[in-house]
Amino acid sequence: MLELLNNLVFGLGVAITPMNLMLCLIGALVGTLIGVLPGIGPVATIAMLLPITYGLPPVGALIMLAGIYYGAMYGGSTTAILVNIPGESASVVTTLDGFAMAQQGRAGPALAIAAIGSFFAGCVATVVIAAAAAPLTSIALLFGPAEYFSLMVLGLIFAVVLAKGSVLKAISMILFGLVLSMIGSDLETGAGRMNFNIPELADGIGFVVIAMGVFGFAEVLRNLEQSHNRDIVNAKITGLMPTRADLIQAAPAIGRGTVLGSVLGILPGGGSIIAAFAAYTLEKKLAKDPSRFGRGAIEGVAAPETANNAASQTSFIPLLTLGIPPNAVMALMVGAMTIHGIVPGPQVMTKQPDLFWGMIASMWIGNLMLVIINLPLVGVWVRLLRVPYRHLYPMILIFCCIGVYSVNNAPADVYMTAAFALVGYWLVKHDFEPAPMLLGFVLGPLMEENLRRAMLIGRGDATVFLTRPISGTLLTIAAILLLLSVLPTLRKKRDEVFVE
Amino acid sequence: MADAGQNTSARKRIRNPQDFYGGLVLAAFALFAIWAGSDLPGMRGFAFGPGTAPRLFSGLLLITGLAIAVMGFITDGPPLEKYGVRGPILFIASVIFFAATIRPVGLVISSFVTLVIAAAATTEVKWIESVIWAAILTVFCVVLFVYGLKLPLQLWPRF
């Protein structure tokens, strides 16, 4: 306990330097700014803003990216409440009561309670991360290659089962990502693989190329096809602060949402989406008068917003302790860390404690800043919502182009990004989710390495994955999950959650 | 009308073309990857060769791709979606233009023209507004990336 406190204080010391404080503030501000803009989700926001962190020291860069992430999530909630369009899938439920409140002229309290709930969740989740980090890291250090491989398989299966759409198609997307990650040179022998002796492919396809192509550009291509008429609440936003009655009503919902979100966020895949849905459903079940929900019940905003913020924060746990990104945003974080020469995993905590604890402490600061900057700036965000899409996409375009180009100063990377934009566009047209592909691409080299080592240690015996107890258990859980997801009854339940 | 046709006459027609063709393309890509990596040595005794993991993953992709195609053949699903023409072509063209010109002519000219090409990608384009906006964004990028973040980008053509 004392150690935990010491670590957090040490982290605060790192995060609170003027430079890092500044970066955290800019990150949260810019993240919200871009996240509020229509048609740009958190993944696209981070992909697009990645280049502005290139020149920073690693700690500062990650603090800023984390700030961007929270900002983008908060921006998503803002659009959910004000225009009935969820900025990201985790705030889908927020639209139900949030927009209803906005129509009643109570957009201010809705936004405020979302911010307050998120801040509370952020405080708790920060402590949860700090507390979970040390034990999980020490477990991870005991893992051999076989256990690591099985853990990654389990993580990927979780991500597939807990995401929307067909499980089979999601698995094929993971494999697609894995195959793409094999391009380049073999880690052990240095042999060129599937690169057709093209020098630009000798080091493989860059992570940024795929992320910006499939998440940045492809999203633009899809958005260009839709018309962008949206009805923004015209009622003047008066009275930002919730009343005392609002707060009393929302407080228990915030508490329950925090617990649900912190737990569910650790699960790979749609952790934060499921957390938001679960929290909303729970509140509706517990309410004395469930019919208020959908008509502007403040708990209906507080619970899911709290839960999804707690979850989006605890989803850092698998990344920071095990080095395994549980979702697309965390995969982007891996990419960002790699650019700065950090290999995510259990060794980060021991070898770079300033980075580790600094980032965790900055999460709390980031959440505080969101409350401080966002409430007064609501008016600005509302005006931003009216920016037409024809002004937005050129901005995404040029940011991504410069970002991709300046990783290696290589025009070839920009050409490849254009190609992956078309791949991403095609995937969307055939209803394939690109997120598992990104996970597969990021985990590919790590999976291969551990698979190879495990096989070598097991003297070519593939049953080693099943006979070693931890590895066997992990794989069994993965198999059960996969079986459950195909069962018709559970399938229906799962589809209900993701259809809206 | 179309619905009735799908239910009665077209037993032979593919019932979920999105999945059917999607699965086939993935399977074809897997085959291509297997071919592309066919020169790589495989297992040496207990040890994986450089070609083992690529073949393993491509093989699994081939299987799942074909499975998706088969499922698309026997279960119902949405029809193929239409592809945009103007948007993708002009947008991708602008990206390619950026890649081709960033080195020879520098950031200022390259990004301005790129932005103007991209502006034409939507049918809602308003030319005067777009050109002004392209100029503003160009200045913004120069200030942010070159002066603010000190990225080593060439500003003007090299002679």
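In this report, we go over the structure that sits alongside the text. (Residues numbered from 1 in each chain as written. Chains lettered and ligands numbered in written order. Predicted model: local features only at pLDDT ≥ 70, side-chain atom pairs only at ≥ 80, totals over all residues. Heavy atoms only, no water.)

### Looking at the overall build of chain A
Move 1: Per the secondary structure count, chain A includes 22 helices and two strands.
Move 2: Since a compact globule built from 500 residues should have a radius of gyration of about 23 Å, the 22 Å found for chain A is in line with a globular shape.
Move 3: Projected onto the principal axes, the alpha-carbon positions of chain A cover approximately 70 × 50 × 50 Å.
Move 4: Sequence-distant contacts in chain A: of pairs separated by 6 or more residues, those separated by 24 or more amount to 79%.
Move 5: On chain A, roughly 17,900 Å² of surface is accessible, and the fraction owed to carbon and sulfur atoms is 67%.
Move 6: Charge separation in chain A, taken as the distance between the mean sites of 27 positive and 26 negative side-chain charges, equals 8 Å. (Helix = DSSP H or I, 4+ residues; strand = E, 2+ residues; numbered from the N terminus. Rg over C-alpha atoms; globule rule 2.2 N^0.38 Å. Contact = heavy atoms within 4.5 Å. Areas by Shrake-Rupley, 256 points an atom, 1.4 Å probe, with all protein chains shown as cover. Lys, Arg positive; Asp, Glu negative; His and termini not counted. Charge placed at Lys NZ, Arg CZ, Asp CG, Glu CD.)

### Quick look at the environment of E283 of chain A
Residues and elements named next belong to chain A.
Move 1: Tracing the sequence through the fold places E283 in helix α11 (residues 271-286).
Move 2: In this structure the C-alpha to C-alpha distance between E283 and F293, which are ten residues apart in sequence, comes to 9.0 Å.
Move 3: Once residues within four sequence positions are removed from consideration, E283 is found in contact with A253, R256, F293, E299 and A303.

### Details of the interface of chain B and chain A
Move 1: Taken together, the contact between chain B and chain A spans 70 residues of the former and 60 residues of the latter.
Move 2: Summed over both sides, the interface between chain B and chain A buries roughly 5,900 Å², with carbon and sulfur atoms accounting for 79% of that surface.
Move 3: In terms of surface lost to chain A, no three residues of chain B exceed F46, F57 and F91 of chain B, which account for 12% of the buried area on that side.
Move 4: Linking chain B to chain A there are three salt bridges.
Move 5: Residue E129 of chain B is joined to R390 of chain A by a salt bridge in which the shortest nitrogen-to-oxygen separation is 2.9 Å.
Move 6: Across the chain B-chain A interface, the total number found is 14 residue pairs in polar contact (both at pLDDT 80 or more).
Move 7: Put simply, the parts of the chain that give the side of chain B that touches chain A at least two residues each are α2 (17-36), α3 (52-74), α4 (86-105), α5 (107-119) and α6 (127-148) of chain B. (Buried area = accessible area lost by both parts, 1.4 Å probe. Salt bridge = Lys/Arg side-chain N within 4 Å of Asp/Glu carboxyl O. Polar contact = N/O pair within 3.5 Å; in protein donor to acceptor, adjacent residues only side chain to side chain.)

### A closer look at unusual backbone geometry
All names here are of chain A.
Move 1: Here N409, not a glycine, exhibits a phi torsion of approximately 50°, which is positive.
Move 2: By secondary structure assignment, the location of N409 is in the loop between α17 (389-408) and α18 (411-429).
Move 3: For N409, a relative accessible area of 26% gives the class partly exposed.
Move 4: Positive phi values are uncommon outside glycine, yet D431 reaches one of about 60°.
Move 5: Within the secondary structure layout, D431 lies in the loop between α18 and α19 (434-457). (Buried < 20%, exposed > 50% of the residue type's maximum accessible area, 1.4 Å probe, protein only.)

### Things to note about the environment of P50 of chain B
Move 1: On the secondary structure map, P50 of chain B appears in the loop between α2 and α3.
Move 2: Judged by its relative accessible area of 3%, P50 of chain B falls in the buried class.
Move 3: The spacing of P50 of chain B and I74 of chain B is 24 residues in sequence and 38 Å in space, taken between C-alpha atoms.
Move 4: The residues touching P50 of chain B, leaving out its near neighbours within four places in the chain, are D186, T189, A191, R193 and R452 of chain A together with L40 and P41 of chain B.

### Structural notes on the nonpolar core
Move 1: Ranked by internal contacts, the top residues of the largest apolar core, which has 221 residues, are I205 and F316 of chain A together with F91 of chain B.
Move 2: Here the element with the most residues in this core is helix α16 (residues 353-384) of chain A; it accounts for 17 residues.
Move 3: Among all residues touching F91 of chain B, those that are not within four sequence positions of it are F217, V220, L221, Y393 and L397 of chain A together with A121 of chain B. (Core = buried A, V, L, I, M, F, W, Y, C linked by side-chain atoms within 4.5 Å.)

### Thoughts on the side chain of S94 of chain B
Move 1: The residue S94 of chain B is located in helix α4 in this model.
Move 2: In this structure S94 of chain B comes out as buried when scored by relative accessible area, which is 0%.

### Considerations on the packing of aromatic side chains
Move 1: Evaluation of the coordinates by the stated rule reveals 19 aromatic pairs over all chains.
Move 2: K169 of chain A extends its terminal NZ or CZ atom over the ring of F432 of chain A, reaching a point 4.8 Å from the ring centre.
Move 3: When the ring centre of Y83 of chain B is taken as reference, the NZ or CZ atom of K429 of chain A above it lies at 5.8 Å. (Phe/Tyr/Trp six-rings, centres within 6.5 Å; stacked < 30°, edge-to-face > 60°. Lys NZ or Arg CZ within 6 Å of the ring centre and 35° of its normal.)

### Section: helix α14 (residues 328-339) of chain A
Residue and element names in this part refer to chain A.
Move 1: Its twelve residues give α14 an end-to-end C-alpha distance of 17 Å, which sits within 8% of 16 Å, the value for a rise of 1.5 Å per residue.
Move 2: For α14, the tally of buried residues reaches ten of twelve residues, placing the bulk of the element in the interior.
Move 3: By the burial criterion, the buried members of α14 are A328, V329, M330, A331, L332, M333, V334, G335, A336 and M337.
Move 4: Looking at the buried positions of α14, the neighbouring elements they touch are α3 (42-49), α4 (58-83), α9 (207-223), α12 (299-314), α13 (316-322) and α19.
Move 5: One side-chain oxygen at the N-terminal end of α14 lies 3.2 Å from the backbone nitrogen of V329; it belongs to N327.
Move 6: Looking one or two places after α14, you find G341, whose phi comes out positive at around 75°. (Expected span 1.5 Å × (residues − 1).)

### Quick word on the pattern of salt bridges
Residues and elements named next belong to chain A.
Move 1: Enumeration over the complete set of coordinates arrives at 14 salt bridges over all chains.
Move 2: As a salt-bridge pair, E448 and R193 come within 2.9 Å of each other at their nearest N and O atoms. Pair noted here: E448 is in helix α19 and R193 is in strand β2 (residues 192-193), with a separation of 255 residues, a long-range link.
Move 3: Here R193 falls in the buried class, since its relative accessible area comes to 3%.

### Comments concerning a nonpolar patch on the surface
Residue and element names in this part refer to chain B.
Move 1: A cluster of nonpolar residues, W127, I128, V131, I132 and I136, forms a patch on the protein surface that exposes about 510 Å² of accessible area.
Move 2: Among the secondary structure elements, V131 is positioned in helix α6.
Move 3: The partly exposed category is assigned to V131, whose relative accessible area is 35%. (Patch = residues over 30% accessible without salt bridge, like charges linked within 9 Å, V, L, I, M, F, W, Y side chains within 5 Å.)

### Some remarks on the packing of helix α2 (residues 18-36) of chain A against α16 of chain A
All names here are of chain A.
Move 1: Where α2 contacts α16, the axes come no closer than 9 Å and their chain directions differ by 40°. Relative to α16, α2 is oriented oblique. By crossing handedness, the relation of α2 to α16 is classed as right-handed. Residue-level contacts link L21, C24, L25, A28, L29, T32, L33 and V36 of α2 to S362, I365, G366, M369, L370, I373, N374, L377, W381 and L384 of α16.
Move 2: Per-class residue counts for the contact of α2 with α16 are 14 nonpolar, four polar and no charged. (Axes fitted to C-alpha atoms, helices over the stretch in contact; angles between N-to-C directions. Parallel < 35°, antiparallel > 145°, perpendicular 65-115°, else oblique. Left-handed = near helix turned anticlockwise from the far one by under 90°. Nonpolar A, V, L, I, M, F, W, Y, C, P; charged D, E, K, R; others polar.)

### Some thoughts on α2 of chain B
For an α-helix, 3.6 residues make a turn, and residues three or four places apart therefore share a direction.
Move 1: Spanning 20 residues, α2 of chain B covers 28 Å between terminal C-alpha atoms, matching the ideal 28 Å at 1.5 Å per step.
Move 2: If you check which residues of α2 of chain B are buried, you get P17, Q18, D19, F20, G22, G23, L26, A27, A30, A33 and A36 of chain B.
Move 3: Against α8 (167-182) and α18 of chain A together with α3 of chain B lie the buried residues of α2 of chain B.

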